[in-house]
Structure formats: C-alpha cells, structure tokens
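Structure at a glance
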Amino acid sequence: MSTKKIALITGANRGIGFETAKQLGEKGVAVIVAARKLSAAEETAVQLTEQGIEAYGVQLDVTNADERKAIAAYIENKFGKLDILVNNAGVGPKDNDLFVKKTVATTADEFEYIFNTNLFSIVYLTNELLPLLKKSEAGRIVNLSSILGSITIHATEGSPIADFKRLSYSASKAALNVFTVLLADELKGTKIKVNSAHPGWVQTELGSVEHAPMSVPDGAKTSVELSLIGEDGPNGRFIHLGEELPW
C-alpha cells in the first residue's frame, strides 16, 4: 500500500479539475487524473509529470458503470487505498448559458443530461470507491458544487446570483449538496470527511471567460483545501475559500 496520499480527480484534463490536480501534486499528493478520453487523461498526466508531480492518467466517463467499476479495480490493484476523491466532473446546459432563465419550460432531456452527471454518477462513483476511502487514515470527499445550488441565496432579494435562474443546473447542485450532508452523516464514526466546495465564479468554459472574475488557480483552492483538511476540519459543510455558505 502506498505511503503517499492518493487522490482521484474526475474531469481533470482541463479547467478547475486540472488545476486541482496540479495544486495537490505540488503538495506531494500522487494524483490520478481522470478524463472521458484516455488520450486526454494521459496527456494531462504527462504535463503534470513534467512538472515533477506523480500523476497517472485514466479513462473515466463518470456516467459509465463499467468504467466506474474499472477505476475502483485499478486503484485497488495499484495503490490499495484512496485518500482523496474530488468529484469535479460536471456539466452545464448544452447551450452552455447559465444566464438563460428557464424553470417550468425545462425539458426532460435537459434534466436527465445534467442530473445524470452532476448527481447520479457522483453518488454511484462515490459508492464504488468508499471501500478504498475507508482504508485511508484521513479519507476526504470533495463534491464540486456551486453557489447556484444555495436555496437560501436564490431566495434572497438582490442576491449576487439573481440573474442565474436555470432550474436544471441549480437543482442538480442543490441535490448534490443534500448528498454531501447525508453522506457525511452516514459516515460519522469513520475517518472520512465529506464537503461541498463552491469554487467561485471562475474563468472556465462554463463559468464564462469573458465575465467571470476569478482565475482558475484561485477557483481550485477550495477543493484543494478541503482535500487536505485535518481532523478538526469541516464535515458536511458548504465551503468557499474557508468560509461557510448557506444551504
């Protein structure tokens, strides 16, 4: 069994996922970078390795049950445990525009597409990997959420997310936050901590490079911090840069 901390980051070939892997690797964590295409994952691993980081590229479409089982078997055989799971992979609406207000007119196809990746697959993958996380001395699960999943903030007049009323995406992140709370409760008494991370409004393809104020490196900081928290760190909480957000 590896003496190093081992982290799996989904959707790690670009954006916040890549930067999370990079920052964890710079802190001495061995990172398994997952992407839907093996070539993209392997290219990512090479980039990180060239920077002195121990990195391994793996194919993982989180919506694919066979690939979820395969990654669990890979980690078991190669490392014998998993210390950190960063559920970073996620999707937005296919039109990629969170400024479009759409509630009751949301289609079944849009709901299914977003919830399958942003909630269901995260639950299934986490379940596959729990036996490995339980072998860690300090298992950490980080679910990449969004302030758009905060019902409290959506309900606040004049809130900073007042212009973002896309039901499918916001509801998927709210549901992910419920998963965080319930899983943290279910794992009480273990060495595993579970938290939701809001990265901020980050300059990514989904976040909008043109309008978002935060850089990708800053956007990864919350995931990295929650991956490495100690025994006295938060559990079952919604965090952005060390500050707790309302559900």
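Residues numbered from 1 in each chain as written. Predicted model: local features only at pLDDT ≥ 70, side-chain atom pairs only at ≥ 80, totals over all residues. Heavy atoms only, no water.

Focus on the packing of helix α3 (residues 65–78) against helix α4 (residues 108–133)
It is the contact of α3 with α4, at a shortest axis distance of 10 Å, that shows an interaxial angle of 25 degrees. Put simply, α3 runs roughly parallel to α4. Of the two elements, α3 crosses α4, and the hand of that crossing is right-handed. Counted together, Arg 68, Lys 69, Ile 71, Ala 72, Ile 75 and Glu 76 of α3 and Ser 121, Tyr 124, Leu 125, Glu 128, Leu 129 and Leu 132 of α4 form the full contact between these two elements. For the contact of α3 with α4, the class distribution of residues is 7 nonpolar, 1 polar and 4 charged. (Axes fitted to C-alpha atoms, helices over the stretch in contact; angles between N-to-C directions. Helix = DSSP H or I, 4+ residues; strand = E, 2+ residues; numbered from the N terminus. Parallel < 35°, antiparallel > 145°, perpendicular 65-115°, else oblique. Left-handed = near helix turned anticlockwise from the far one by under 90°. Contact = heavy atoms within 4.5 Å. Nonpolar A, V, L, I, M, F, W, Y, C, P; charged D, E, K, R; others polar.)

Things to note about unusual backbone geometry
Although it is not a glycine, Leu 241 adopts a positive phi angle of roughly 50 degrees. Note that Leu 241 resides in the loop between β7 (238–240) and β8 (243–244).

So, helix α2 (residues 38–49)
Across its 12 residues, α2 extends 16 Å between first and last C-alpha, which sits within 8% of the 16 Å expected from 1.5 Å per residue. Regarding α2, the residues found buried are Ala 40, Ala 41, Thr 44, Ala 45 and Leu 48. Angularly, the buried residues of α2 cover 135 degrees about the axis, an arc narrow enough to put them on a single face. Of the surrounding secondary structure, the elements contacted by the buried residues of α2 are α1 (15–26), β2 (30–35) and β3 (55–59). (Expected span 1.5 Å × (residues − 1). Buried < 20%, exposed > 50% of the residue type's maximum accessible area, 1.4 Å probe, protein only. Arc of directions from axis to C-beta.)

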